[in-house]
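Spelled out, the chains give:
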Amino acid sequence: MSYSSSARPVHIAGWPGLLLCLLALGACTPATLKERPGYWADQSVAAKAFNHRVRFLVLHYTGGDGPRALNVLTGPSVSSHYLVATAPPAHSGEPIVRQLVPEYERAWHAGTSSWGGRHHLNDSSIGIEIVNAGPIETANGNAWQGFRQDQIAAVSSLSKDIVTRYAIAPENVVGHADIAPGRKVDPGPAFPWEALYRQGIGAWPDATRVAAYRNQFAGAMPSLAAIQSALARYGYDVPVTGVLDQRTHAVVVSFQMHFRPARYDGVPDLDTVARLWALNDKYR
Ligand SMILES: [Zn+2]
(Lines give C-alpha, C1' and ligand atoms only; values in the text may rest on other atoms or scores of the structure.)
Protein backbone atom coordinates (compact mmCIF):
# COMPACT_ATOMS: atom_id res chain seq x y z
CA MET A 1 0.00 0.00 0.00
CA SER A 2 1.36 3.37 -0.88
CA TYR A 3 0.93 6.63 0.96
CA SER A 4 -1.47 9.09 -0.57
CA SER A 5 -0.68 12.73 0.04
CA SER A 6 -3.82 13.10 2.19
CA ALA A 7 -2.56 10.37 4.54
CA ARG A 8 0.60 12.31 5.45
CA PRO A 9 0.88 13.71 8.98
CA VAL A 10 -0.28 17.28 9.19
CA HIS A 11 1.72 19.57 11.43
CA ILE A 12 0.68 23.17 11.75
CA ALA A 13 3.08 25.40 13.65
CA GLY A 14 0.91 28.40 14.48
CA TRP A 15 -0.61 30.96 12.15
CA PRO A 16 2.46 31.48 9.91
CA GLY A 17 2.58 27.72 9.37
CA LEU A 18 -1.13 27.61 8.62
CA LEU A 19 -0.79 30.47 6.18
CA LEU A 20 2.04 28.66 4.40
CA CYS A 21 -0.07 25.51 4.32
CA LEU A 22 -2.99 27.33 2.77
CA LEU A 23 -0.72 29.01 0.24
CA ALA A 24 0.80 25.65 -0.66
CA LEU A 25 -2.69 24.14 -1.09
CA GLY A 26 -2.40 21.37 1.48
CA ALA A 27 1.32 20.51 1.42
CA CYS A 28 1.51 21.09 5.17
CA THR A 29 4.86 19.43 6.01
CA PRO A 30 7.38 21.54 7.93
CA ALA A 31 10.81 21.77 6.32
CA THR A 32 12.34 20.02 9.34
CA LEU A 33 10.18 16.89 8.86
CA LYS A 34 11.98 14.68 6.34
CA GLU A 35 10.19 11.86 4.60
CA ARG A 36 12.00 8.53 4.64
CA PRO A 37 10.84 5.10 3.42
CA GLY A 38 7.95 4.24 5.77
CA TYR A 39 8.68 6.92 8.43
CA TRP A 40 9.44 10.60 9.06
CA ALA A 41 12.61 12.07 10.62
CA ASP A 42 11.95 15.14 12.79
CA GLN A 43 15.04 17.35 12.41
CA SER A 44 13.62 20.36 14.26
CA VAL A 45 16.03 19.98 17.24
CA ALA A 46 19.77 19.44 16.66
CA ALA A 47 22.41 18.25 19.15
CA LYS A 48 25.62 20.20 19.79
CA ALA A 49 27.97 17.43 20.97
CA PHE A 50 29.32 15.79 17.82
CA ASN A 51 32.19 16.06 15.36
CA HIS A 52 32.98 15.12 11.79
CA ARG A 53 33.79 11.48 11.11
CA VAL A 54 36.43 12.71 8.64
CA ARG A 55 39.52 13.87 10.56
CA PHE A 56 42.36 13.31 8.08
CA LEU A 57 43.19 14.17 4.49
CA VAL A 58 45.59 11.68 2.88
CA LEU A 59 47.45 12.58 -0.32
CA HIS A 60 48.86 9.95 -2.68
CA TYR A 61 50.50 9.65 -6.05
CA THR A 62 49.23 6.96 -8.36
CA GLY A 63 52.63 5.62 -9.43
CA GLY A 64 51.40 5.22 -13.00
CA ASP A 65 49.63 7.10 -15.77
CA GLY A 66 46.05 8.36 -15.66
CA PRO A 67 44.27 5.57 -17.61
CA ARG A 68 46.00 2.87 -15.57
CA ALA A 69 45.19 4.69 -12.31
CA LEU A 70 41.53 5.04 -13.25
CA ASN A 71 41.42 1.36 -14.14
CA VAL A 72 42.97 0.29 -10.81
CA LEU A 73 40.96 2.75 -8.70
CA THR A 74 37.68 1.57 -10.21
CA GLY A 75 38.62 -2.11 -9.87
CA PRO A 76 37.79 -4.51 -7.01
CA SER A 77 40.75 -3.90 -4.66
CA VAL A 78 41.50 -0.20 -4.08
CA SER A 79 39.82 3.17 -4.52
CA SER A 80 40.08 6.82 -3.53
CA HIS A 81 37.53 9.55 -3.11
CA TYR A 82 39.22 11.75 -5.70
CA LEU A 83 41.61 11.39 -8.63
CA VAL A 84 43.44 14.42 -10.02
CA ALA A 85 44.78 14.08 -13.58
CA THR A 86 48.26 15.21 -14.62
CA ALA A 87 46.73 18.03 -16.67
CA PRO A 88 43.19 18.38 -15.31
CA PRO A 89 40.57 19.36 -17.90
CA ALA A 90 38.66 22.56 -17.19
CA HIS A 91 35.05 23.66 -17.19
CA SER A 92 34.21 27.38 -17.08
CA GLY A 93 37.85 28.10 -16.29
CA GLU A 94 38.09 25.77 -13.27
CA PRO A 95 39.71 22.34 -13.07
CA ILE A 96 37.71 19.13 -13.10
CA VAL A 97 38.72 16.39 -10.65
CA ARG A 98 37.23 12.92 -10.73
CA GLN A 99 35.18 11.87 -7.70
CA LEU A 100 35.15 8.08 -7.58
CA VAL A 101 33.69 7.53 -4.09
CA PRO A 102 31.17 9.73 -2.20
CA GLU A 103 32.81 11.46 0.77
CA TYR A 104 30.45 9.79 3.26
CA GLU A 105 31.61 6.36 2.07
CA ARG A 106 34.86 4.64 3.05
CA ALA A 107 37.33 4.53 0.16
CA TRP A 108 40.11 1.93 0.25
CA HIS A 109 43.23 4.06 -0.11
CA ALA A 110 45.18 4.00 3.17
CA GLY A 111 45.51 0.29 3.97
CA THR A 112 47.41 -0.59 7.15
CA SER A 113 48.02 2.87 8.55
CA SER A 114 48.41 4.97 11.67
CA TRP A 115 48.55 8.65 12.59
CA GLY A 116 48.34 10.39 15.94
CA GLY A 117 47.51 7.13 17.72
CA ARG A 118 44.67 6.29 15.35
CA HIS A 119 44.78 3.29 13.07
CA HIS A 120 42.96 2.13 9.93
CA LEU A 121 42.71 5.61 8.46
CA ASN A 122 40.29 4.52 5.75
CA ASP A 123 37.67 4.86 8.49
CA SER A 124 38.33 8.53 9.16
CA SER A 125 39.91 10.11 6.10
CA ILE A 126 39.35 11.44 2.61
CA GLY A 127 41.86 10.15 0.06
CA ILE A 128 43.11 12.04 -2.99
CA GLU A 129 45.11 10.19 -5.64
CA ILE A 130 47.29 12.45 -7.80
CA VAL A 131 48.45 11.08 -11.14
CA ASN A 132 52.25 10.99 -11.00
CA ALA A 133 54.78 8.30 -11.94
CA GLY A 134 56.82 8.71 -8.74
CA PRO A 135 60.41 7.46 -9.17
CA ILE A 136 61.60 7.62 -12.78
CA GLU A 137 64.83 6.86 -14.62
CA THR A 138 66.39 9.72 -16.55
CA ALA A 139 69.59 10.17 -18.53
CA ASN A 140 71.12 11.63 -15.38
CA GLY A 141 70.07 8.75 -13.17
CA ASN A 142 67.09 8.17 -10.93
CA ALA A 143 64.73 11.09 -10.24
CA TRP A 144 61.18 11.84 -9.16
CA GLN A 145 58.58 13.01 -11.61
CA GLY A 146 57.58 16.60 -10.89
CA PHE A 147 54.01 17.82 -10.42
CA ARG A 148 52.57 20.29 -12.92
CA GLN A 149 51.42 23.65 -11.64
CA ASP A 150 47.87 23.25 -12.97
CA GLN A 151 47.63 19.83 -11.32
CA ILE A 152 48.74 21.25 -7.96
CA ALA A 153 46.28 24.13 -8.40
CA ALA A 154 43.48 21.55 -8.69
CA VAL A 155 44.79 19.61 -5.68
CA SER A 156 44.94 22.88 -3.75
CA SER A 157 41.33 23.90 -4.49
CA LEU A 158 40.06 20.40 -3.71
CA SER A 159 42.10 20.08 -0.50
CA LYS A 160 41.18 23.53 0.75
CA ASP A 161 37.50 22.74 0.30
CA ILE A 162 37.83 19.43 2.16
CA VAL A 163 39.89 20.75 5.11
CA THR A 164 37.46 23.66 5.46
CA ARG A 165 34.28 21.58 5.35
CA TYR A 166 35.56 18.99 7.86
CA ALA A 167 37.72 21.39 9.92
CA ILE A 168 40.75 19.11 9.41
CA ALA A 169 43.74 20.29 11.48
CA PRO A 170 46.89 21.19 9.46
CA GLU A 171 48.91 18.38 11.08
CA ASN A 172 46.25 15.90 9.95
CA VAL A 173 46.86 16.62 6.27
CA VAL A 174 49.32 13.82 5.58
CA GLY A 175 50.96 11.77 2.87
CA HIS A 176 50.51 8.04 2.49
CA ALA A 177 54.20 7.73 3.48
CA ASP A 178 53.49 9.49 6.79
CA ILE A 179 50.81 7.00 7.81
CA ALA A 180 52.50 3.89 6.38
CA PRO A 181 56.29 4.43 6.72
CA GLY A 182 58.46 1.79 5.10
CA ARG A 183 55.49 0.46 3.15
CA LYS A 184 54.68 3.58 1.14
CA VAL A 185 56.65 6.61 -0.10
CA ASP A 186 53.91 8.56 -1.88
CA PRO A 187 53.33 11.39 -2.62
CA GLY A 188 57.16 11.44 -2.57
CA PRO A 189 59.83 14.13 -2.11
CA ALA A 190 58.84 16.01 -5.27
CA PHE A 191 55.43 16.86 -3.83
CA PRO A 192 55.19 20.59 -3.00
CA TRP A 193 54.04 20.43 0.63
CA GLU A 194 55.48 23.84 1.46
CA ALA A 195 53.68 25.49 -1.47
CA LEU A 196 50.39 23.95 -0.31
CA TYR A 197 51.06 25.17 3.23
CA ARG A 198 51.46 28.71 1.81
CA GLN A 199 47.96 28.27 0.36
CA GLY A 200 46.52 27.27 3.74
CA ILE A 201 46.72 23.47 3.39
CA GLY A 202 48.68 21.30 5.82
CA ALA A 203 51.51 22.00 8.25
CA TRP A 204 54.96 23.54 7.91
CA PRO A 205 57.47 24.64 10.58
CA ASP A 206 58.26 28.33 11.09
CA ALA A 207 61.76 29.20 9.84
CA THR A 208 62.63 31.23 12.95
CA ARG A 209 61.82 28.32 15.27
CA VAL A 210 63.81 25.94 13.06
CA ALA A 211 66.81 28.32 13.24
CA ALA A 212 66.47 28.60 17.03
CA TYR A 213 66.45 24.82 17.45
CA ARG A 214 69.41 24.45 15.08
CA ASN A 215 71.34 26.73 17.42
CA GLN A 216 70.09 24.98 20.52
CA PHE A 217 71.00 21.49 19.29
CA ALA A 218 74.24 22.41 17.47
CA GLY A 219 76.27 21.61 20.58
CA ALA A 220 74.38 18.55 21.74
CA MET A 221 71.73 16.68 19.80
CA PRO A 222 68.71 15.19 21.62
CA SER A 223 68.95 11.49 22.33
CA LEU A 224 67.49 9.05 19.83
CA ALA A 225 64.80 8.18 22.38
CA ALA A 226 63.86 11.87 22.59
CA ILE A 227 63.74 12.07 18.79
CA GLN A 228 61.51 9.00 18.62
CA SER A 229 59.25 10.51 21.29
CA ALA A 230 59.04 13.74 19.29
CA LEU A 231 58.19 11.85 16.08
CA ALA A 232 55.47 9.92 17.94
CA ARG A 233 54.16 13.16 19.47
CA TYR A 234 53.84 14.69 16.02
CA GLY A 235 51.82 11.69 14.80
CA TYR A 236 54.16 8.99 13.50
CA ASP A 237 53.72 5.41 14.64
CA VAL A 238 57.20 4.71 16.04
CA PRO A 239 58.20 2.96 19.28
CA VAL A 240 60.72 4.59 21.62
CA THR A 241 63.56 2.06 21.50
CA GLY A 242 66.55 4.40 21.79
CA VAL A 243 68.19 2.83 18.72
CA LEU A 244 68.02 3.70 15.02
CA ASP A 245 66.16 0.55 14.08
CA GLN A 246 64.51 -0.21 10.74
CA ARG A 247 61.17 1.28 11.76
CA THR A 248 62.73 4.53 13.02
CA HIS A 249 64.79 4.84 9.83
CA ALA A 250 61.63 4.43 7.72
CA VAL A 251 59.74 7.01 9.80
CA VAL A 252 62.59 9.53 9.49
CA VAL A 253 62.61 9.00 5.69
CA SER A 254 58.86 9.73 5.60
CA PHE A 255 59.30 12.79 7.80
CA GLN A 256 62.14 14.11 5.60
CA MET A 257 60.25 13.49 2.34
CA HIS A 258 57.46 15.64 3.76
CA PHE A 259 59.34 18.36 5.64
CA ARG A 260 62.94 18.31 4.36
CA PRO A 261 62.76 16.80 0.86
CA ALA A 262 66.27 17.97 -0.15
CA ARG A 263 67.69 14.95 1.71
CA TYR A 264 65.69 11.95 2.86
CA ASP A 265 68.37 9.50 3.93
CA GLY A 266 66.67 8.49 7.18
CA VAL A 267 69.44 10.02 9.31
CA PRO A 268 67.94 12.22 12.05
CA ASP A 269 70.41 15.08 11.56
CA LEU A 270 70.38 18.57 13.10
CA ASP A 271 68.11 20.13 10.47
CA THR A 272 65.63 17.24 10.62
CA VAL A 273 65.44 17.42 14.41
CA ALA A 274 65.10 21.24 14.38
CA ARG A 275 62.15 20.98 11.96
CA LEU A 276 60.53 18.26 14.07
CA TRP A 277 60.80 20.28 17.28
CA ALA A 278 59.49 23.41 15.52
CA LEU A 279 56.49 21.46 14.20
CA ASN A 280 55.63 20.13 17.65
CA ASP A 281 55.88 23.66 19.08
CA LYS A 282 53.42 24.88 16.50
CA TYR A 283 50.93 22.04 16.23
CA ARG A 284 51.21 19.59 19.14
ZN1 LIG B 1 49.19 5.86 -1.67
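Not measured: the values here are computed from a predicted model. (Residues numbered from 1 in each chain as written. Predicted model: local features only at pLDDT ≥ 70, side-chain atom pairs only at ≥ 80, totals over all residues. Heavy atoms only, no water.)

1. Things to note about the UniProt feature "domain: N-acetylmuramoyl-L-alanine amidase" (unreviewed entry) in the protein chain
Annotation from UniProt places "domain: N-acetylmuramoyl-L-alanine amidase" (unreviewed entry) at residues 42-188. Here residues 42-188 runs as 20% helix and 25% strand, with 48 Å between its end C-alpha atoms. (UniProt positions renumbered as here; feature names shortened; annotations may be inferred. Helix = DSSP H or I, 4+ residues; strand = E, 2+ residues; numbered from the N terminus.)

2. Concerning helix 3 (residues 149-166)
Spanning 18 residues, helix 3 covers 26 Å between terminal C-alpha atoms, matching the ideal 26 Å at 1.5 Å per step. Along helix 3, the positions that sit buried rather than exposed are Q151, I152, A154, V155, S156, L158, S159, I162, V163 and Y166. Of the surrounding secondary structure, the elements contacted by the buried residues of helix 3 are strand 3 (56-61), strand 4 (82-84), strand 6 (94-95), strand 10 (125-130), strand 13 (173-175) and helix 5 (193-198). A167 lies just past helix 3 and shows a positive phi near 50°. (Expected span 1.5 Å × (residues − 1). Buried < 20%, exposed > 50% of the residue type's maximum accessible area, 1.4 Å probe, protein only. Contact = heavy atoms within 4.5 Å.)

3. Notes on the pairing of strand 11 (residues 135-138)
Pairing between strand 11 and strand 12 (residues 141-144): four bridges, direction antiparallel. By the bridge assignment for strand 12, P135 is matched with W144. Hairpin connection, strand 11 to strand 12: the antiparallel pair is bridged by two residues. (Pairing = 2+ DSSP bridges.)

4. Here's the deal with the coordination of the zinc ion
Six octahedral donors around a metal ideally make angles of 90 or 180 degrees; four tetrahedral donors ideally make 109.5 degrees. Summarising the metal site, the zinc ion is bound by the protein donors H60 (ND1), H176 (ND1) and D186 (OD), whose distances to it range over 2.0 to 2.1 Å. In primary-sequence terms, the residues that donate to the zinc ion follow H-x115-H-x9-D. With H60 in strand 3 and H176 in helix 4 (residues 176-179), this pair connects stretches of sequence that are 116 residues apart. (Donors = N, O, S within 2.8 Å, 3.2 Å for Na, K, Ca; no water.)

5. Concerning the pairing of strand 2 (residues 39-42)
Sheet analysis places strand 1 (residues 33-36) next to strand 2, joined by four bridges and oriented antiparallel. Among the inter-strand pairings, E35 is bridged to a residue of strand 2, identified as W40. Between strand 1 and strand 2, which pair antiparallel and follow one another directly, the connecting turn spans two residues, one of which, G38, has a positive phi of 85°.

6. Section: the confidence of the model for the protein chain
Confidence along the protein chain averages 93 in pLDDT terms, with 90% of residues attaining 70 or more. Confidence over residues 1-12 falls short of pLDDT 50; this stretch has 10 contacts with residues more than four positions distant or in other chains. (pLDDT = per-residue confidence, 0-100.)

7. Considering the pattern of salt bridges
With the rule as written, the count across this model stands at 15 salt bridges. In this structure, R198 and E194 form a salt bridge, with 2.7 Å as the shortest nitrogen-oxygen distance. Taken together, the residues R198 and E194, both in helix 5 and four residues apart, mark about one turn of the helix. Judged by relative accessible area, which is 56%, R198 ranks as exposed. When the shortest N-O distance is used, the salt bridge between D271 and R275 registers 3.0 Å. In this pair, D271 and R275 are both assigned in helix 9 (residues 270-283), four residues apart and thus about one turn of the helix distant. By sharing partners, the salt bridges in this structure join R214, R260, R263, D265, D269, D271 and R275 into a single network. (Salt bridge = Lys/Arg side-chain N within 4 Å of Asp/Glu carboxyl O.)

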